[in-house]
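Fold and contact review
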Amino acid sequence: HIRSLSLLSDAGHNFADVTSLVLSLIAFKLHQVKATEKYTYGYRKTSILVALINAVILLLSIGIISYEAIIHLLHPVAMPGKTIAVVAFAGVLVNGISAFFFFKDKERDLNIKSAFLHLAADAGISLGIVIGGVLIYFTQWYWIDSVLSLLIAIVILISTWKLLTDSIKLSLDAVPENVNTAAIKETALGIKGVINMHHLHVWAISTTENALTAHITLSNEISIEEEQQLKHKLKHQLQHQNIHHITIETEREAFGCEEADC
């Protein structure tokens with residue numbers, strides 16, 4: 001019986017990661033479900049919900065690990081350092097190889113990035129436990145195991161905090177980080193005939209897709225045909241700024257609103 005809290009913490013974190021991957025897979029499948037009359041965007045936003053659930057699960061694990069680590073720090077127990085190091089080294093290999101497969105696409109999707117960060121953190125945690133096991137073997141300083149557990153909790157917190165804040169922001173329909181509203185307005189005003197852009201709203205409908213609605217004020221000199229061409233040009237340019245679903249309403253200069261009133 002190893003009785004290593006650091007190994008148990010790492011194992012529990014790995015289990016949480018597996019749960020996260022399963023939830024991410026479910027979200028991916030739901031993302032592919034077609035839209036219905038009631039769910040006009042389909043179930044795309046479940047990917048954001050899953051990211052939030054994953055972050056909450058990890059925060060709960062941090063609380064449990066920290067509590068147990070403090071108890072064990074106050075009452076250290078003997079444990080085999082050599083066995084701890086060997087088991088943890090296996091974790092380094094498994095997590096390191098798994099993280100490698102997620103590295104390429106980690107910036108494309110919040111859940112993929114979450115999986116990569118978790119696996120990379122797990123590999124680092126396992127490496128730390130290997131070092132701790134070696135130290136315990138040679139020194140019999142059993143308190144090292146509790147200190148490692150607290151360090152694991154800190155690493156998980158650091159790697160999870162941004163995932164938590166990002167998923168909360170997206171859940172509240174905040175502007176996604178990969179979208180710059182100032183750049184969007186600059187793009188619109190850079191097109192000949194566009195006087196103003198207002199009532200601009202940008203939000204995420206999934207971890208990979210963003211939507212936009214806006215009003216643009218056009219010069220009275222723009223014809224109906226030119227208006228359609230202008231809207232098409234603007235939408236095309238916005239697609240290069242991470243906007244995937246675009247709705248633009250136009251109004252003429254005489255009926256537009258002043259920037260301060262919009």
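As the structure is a prediction and not an experimental result, all values here were calculated from the model. All residue numbers refer to positions counted from 1 along the written sequence of the respective chain. Confidence filtering applies because this is a predicted model: local features only for residues at pLDDT of at least 70, side-chain atom pairs given and counted only at 80 or more, and all residues used for totals across whole chains, interfaces and linings. Side-chain metrics in this entry use all non-hydrogen atoms of the structure; hydrogen atoms and water are not considered.

1. Looking at the pairing of strand β1 (residues 194-204)
Three labels apply to residues, based on accessible area from a 1.4 Å probe with only protein chains included: buried if under 20% of the type maximum, exposed if over 50%, partly exposed otherwise in between. To qualify as a helix, a DSSP run of H or I must reach at least 4 residues; to qualify as a strand, a run of E must reach at least 2; elements of each kind are numbered from the N terminus. Most of β1 is tucked away, with eight of its eleven residues classed as buried. Bridge analysis of β1 against strand β2 (residues 210-218) gives eight bridges, and the strand direction is antiparallel. Residue pairing across strands places tryptophan 203 opposite alanine 211, the latter belonging to β2. Two strands qualify as a pair provided DSSP detects at least 2 bridges between them. As consecutive antiparallel partners, β1 and β2 are separated by five residues.

2. Some words on helix α5 (residues 143-171)
Spanning 29 residues, α5 covers 41 Å between terminal C-alpha atoms, matching the ideal 42 Å at 1.5 Å per step. Bending of α5 peaks at approximately 35 degrees at the position of threonine 160. Residue aspartate 173 follows α5 closely and has a positive phi angle near 60 degrees. An expected span of 1.5 Å times one less than the residue number is assigned to each helix. What we call the bend at a residue is the angle made by axes fitted to the seven residues finishing there and the seven residues starting there.

3. A short note on the packing of helix α2 (residues 46-74) against α5
Note on method: axes are straight lines fitted to C-alpha atoms, helices fitted across the in-contact stretch only, with angles between N-to-C directions ranging 0 to 180 degrees. The contact between α2 and α5 brings their axes to 8 Å, and the two run at 160 degrees. If you check the angle between α2 and α5, you find them roughly antiparallel. Note on packing geometry: the crossing formed by α2 with α5 is left-handed. Classification used: nonpolar for Ala, Val, Leu, Ile, Met, Phe, Trp, Tyr, Cys and Pro, charged for Asp, Glu, Lys and Arg, polar for all others including Gly. A per-class count over the contact of α2 with α5 returns 22 nonpolar, nine polar and no charged. In this scheme, roughly parallel covers angles under 35 degrees and roughly antiparallel covers those over 145, while 65 to 115 is roughly perpendicular and the rest are oblique. Handedness of a crossing is defined here by the sense of rotation of the near helix relative to the far one, left-handed for an anticlockwise turn of less than a right angle and right-handed for a clockwise turn.

4. Some words on unusual backbone geometry
Look at histidine 199: it is not a glycine, yet its phi comes out positive at around 45 degrees. Checked against the element boundaries, histidine 199 lands in strand β1. Despite not being glycine, asparagine 242 shows a phi value in the positive range, around 65 degrees. Counting through the fold element by element, asparagine 242 comes out in the loop between α7 (224-239) and β3 (245-252).

5. Re the packing of aromatic side chains
Classification of ring pairs rests on two measures: the distance between centres of Phe, Tyr or Trp rings, Trp counted by its six-membered ring, which must be within 6.5 Å, and the angle between planes, read as stacked under 30 degrees, edge-to-face over 60 and tilted in between. Following the criterion strictly, the structure yields three aromatic pairs and no others. Measuring from centroid to centroid gives 5.1 Å for tyrosine 137 and phenylalanine 138, while their planes differ by 85 degrees, and the two rings are edge-to-face. For phenylalanine 138, a relative accessible area of 62% translates into the label exposed. Between tryptophan 141 and tryptophan 143, the ring centres sit 6.0 Å apart and the planes meet at 20 degrees, which makes this aromatic pair stacked.

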